[in-house]
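Letter by letter, the chains look like this.
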Amino acid sequence: MNAIWRCVCRLRQGKVPHRCQSGCHPVAPLGSRILTDPDKVFEHNMWDHMQWSKEEEEAARKNVEENSAVRILPEEQVKYDCDAHKYWDAFYKIHKNKFFKNRNWLLREFPEILPADESTKEGVGEWPRDHVRSHAEDRGGSPQPDPFPGSNAAFRILEVGCGAGNSVFPILNTLQNIPESFLYCCDFASGAVELIKSHSSFRAAQCYAFVHDVCEDGLPYPFPDGILDVILLVFVLSSIHPDRMQGVVSRLSKLLKPGGMLLFRDYGRYDKTQLRFKKGHCLSENFYVRGDGTRAYFFTKGEVHHMFYKAGLDEKQNLVDHRLQVNRKKQVKMHRVWVQGKFQKPFHWTQQNSKLAFSLLSHD
């Protein structure tokens, strides 16, 4: 664990410019297993930074054109939006926490999840503690009850769409060595939240799990705006109707403190998941429904840039992660495509920043 922490601290101390440059392929975090000899393709389960041939890309485009030729009628689509939480509740009732693997890769891809070393904080992180300090403390009186969960923390993280905890528990296992940090996690499927709270590794002293629908802009969060250091949005936005995505991102941006980071990873255009959909599952362009009623959208890098810029966030990383996954037993090759991004709230952010971004985009 100490070796991992030292590695993460080095990453946080500015020695990773390649990781944050928009459009550049990072050297280490997204993998370094490069296929140089096609004859050895089945020697490993996954190859990194794969380049598509023109023929492969054209075949994928035609595949999507075919599987989206038949659209589900609009009146039949309503239930997938109105009852989205029910479909996910049913999913977790069946699979519990056995379906997805723990995301132990998170700290490699997103070292920003952890607080920077004290020597590199430069004051960042002190503002939230002052922001929530009680009047009694200012007067030198006795401490008052915490105004909200995690109010005494110096570093706060929120995972949106936490599911059964496949990100929560890898993060919590690391945070136990960083007692001044606090993790919030939410999901609109109450069954998923209950799975987290009943897990043996759940620690209420350092984690607050709650039911929340991020699409409902008027719903309050259990903490004030502008106090989060990190928001984790991993394979969540794709399950939301495209018309509601911008509202979700804009609302989340208000939760970040100035300098806070929103870390994003989700399905990319022409990922194997998109190519496997059959006719009759398409809701709208690049948006599909699975047999269990859950949905998936497949992003381009440009769409991701547009959403987060419109929300007033600065792009620090936005790239397409192409990988080749192979089934050695069946001798099958499958292209995986993900979009990964890191977006920072400006240090001098105001409501006007977001309004200005919206105004500029509306005139494009």
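Note that the structure is a prediction, hence the values are computed from the model and not measured.

Asks: Lay out the pairing of strand E4 (residues 207-211) in plain terms, naming residues and giving numbers.
Replies: In the case of a regular strand, side chains alternate between the two sheet surfaces. Bridge count between strand E3 (residues 181-187) and E4: 5 bridges; the pairing is parallel. In the strand pairing of E4, Asp187 is matched with Val211.

Asks: So what's going on with the nonpolar core? Which residues, and what values?
Replies: Among the nonpolar cores identified, the biggest contains 40 residues, and Leu158, Phe223, Leu237, Phe264 and Phe308 are the most heavily contacted of them. The set of elements that each furnish at least two residues to this core consists of strand E2 (155-160), E3, strand E5 (228-234), helix H11 (242-255), strand E6 (256-267), strand E8 (287-289), helix H13 (301-310) and strand E11 (332-344). For this core, the element with the most residues is H11, which contributes 5 residues. Leu114, Cys162, Phe202 and Leu263 belong to the second largest nonpolar core, which has 26 residues in total.

Asks: Go over the pattern of salt bridges, please, and point to the residues and values.
Replies: Tallying each qualifying case throughout the model produces 16 salt bridges. Between Arg336 and Asp271 there is a salt bridge, with its nearest N and O atoms 2.8 Å apart. Here the residue Arg336 occupies a position in strand E11, and Asp271 occupies one in the loop between E6 and helix H12 (272-275), the gap between them amounting to 65 residues. Given a relative accessible area of 10%, Arg336 falls into the buried group. The exposure class of Asp271 is buried, given its relative accessible area of 0%. Three or more residues are tied together by salt bridges with common partners; here these are Asp81, Glu216, Arg244 and Arg295.

Asks: Go over helix H10 (residues 190-197) with me, naming the residues and quoting the values.
Replies: By the burial criterion, the buried members of H10 are Ala192, Val193, Leu195 and Ile196. The buried residues of H10 occupy one face: seen down the axis, they fall within an arc of 155°. Packing partners of the buried residues in H10 comprise helix H5 (84-95), helix H9 (168-175), E3 and E4.

Asks: Mind laying out the sheet that holds E3, listing which residues take part and the relevant values?
Replies: Taking strand neighbours across the sheet as the criterion, the 8 strands line up as E1-E10-E11-E6-E5-E2-E3-E4 in an open arrangement whose pairing is mixed. Strands with a single pairing partner mark the edges of an open sheet, and in this sheet they are strand E1 (46-48) and E4. For this sheet, the mean angle separating the axes of adjacent strands, direction not counted, is 20°. Of the pairings in the sheet, the one linking E5 to E6 comprises 6 bridges and is parallel in character.

Asks: Mind laying out the packing of helix H4 (residues 74-82) against H5, listing which residues take part and the relevant values?
Replies: Two numbers describe how H4 lies on H5: the axes approach to 4 Å, and their chain directions differ by 60°. Touching Lys79, Tyr80, Asp81 and Cys82 of H4 are Ala84, His85 and Tyr87, all from H5. Residue classes in the contact of H4 with H5 are distributed as 4 nonpolar, 1 polar and 2 charged.

Asks: Any chance you could break down unusual backbone geometry for me, citing the residues and the numbers?
Replies: For Tyr270, which is not glycine, the phi torsion reads 75° and is therefore positive. A positive phi angle, close to 65°, is found at Asn286, a residue other than glycine.

Asks: Summarise the packing of aromatic side chains; cite the residues concerned and give the values.
Replies: Taken as a whole, this structure holds 19 aromatic pairs when the rule is applied. Aromatic side chains Tyr221 and Phe223 sit 5.6 Å apart centroid to centroid with 40° between the ring planes, which places their arrangement in the tilted category. Of the two residues, Tyr221 and Phe223, both sit in the buried class. For Arg265, the ring lying beneath its charged end belongs to Trp105, and the centroid distance is 5.4 Å.

So, how was this worked out
Residues numbered from 1 in each chain as written. Predicted model: local features only at pLDDT ≥ 70, side-chain atom pairs only at ≥ 80, totals over all residues. Heavy atoms only, no water. Pairing = 2+ DSSP bridges. Helix = DSSP H or I, 4+ residues; strand = E, 2+ residues; numbered from the N terminus. Core = buried A, V, L, I, M, F, W, Y, C linked by side-chain atoms within 4.5 Å. Buried < 20%, exposed > 50% of the residue type's maximum accessible area, 1.4 Å probe, protein only. Salt bridge = Lys/Arg side-chain N within 4 Å of Asp/Glu carboxyl O. Arc of directions from axis to C-beta. Contact = heavy atoms within 4.5 Å. Axes fitted to C-alpha atoms, helices over the stretch in contact; angles between N-to-C directions. Nonpolar A, V, L, I, M, F, W, Y, C, P; charged D, E, K, R; others polar. Phe/Tyr/Trp six-rings, centres within 6.5 Å; stacked < 30°, edge-to-face > 60°. Lys NZ or Arg CZ within 6 Å of the ring centre and 35° of its normal.

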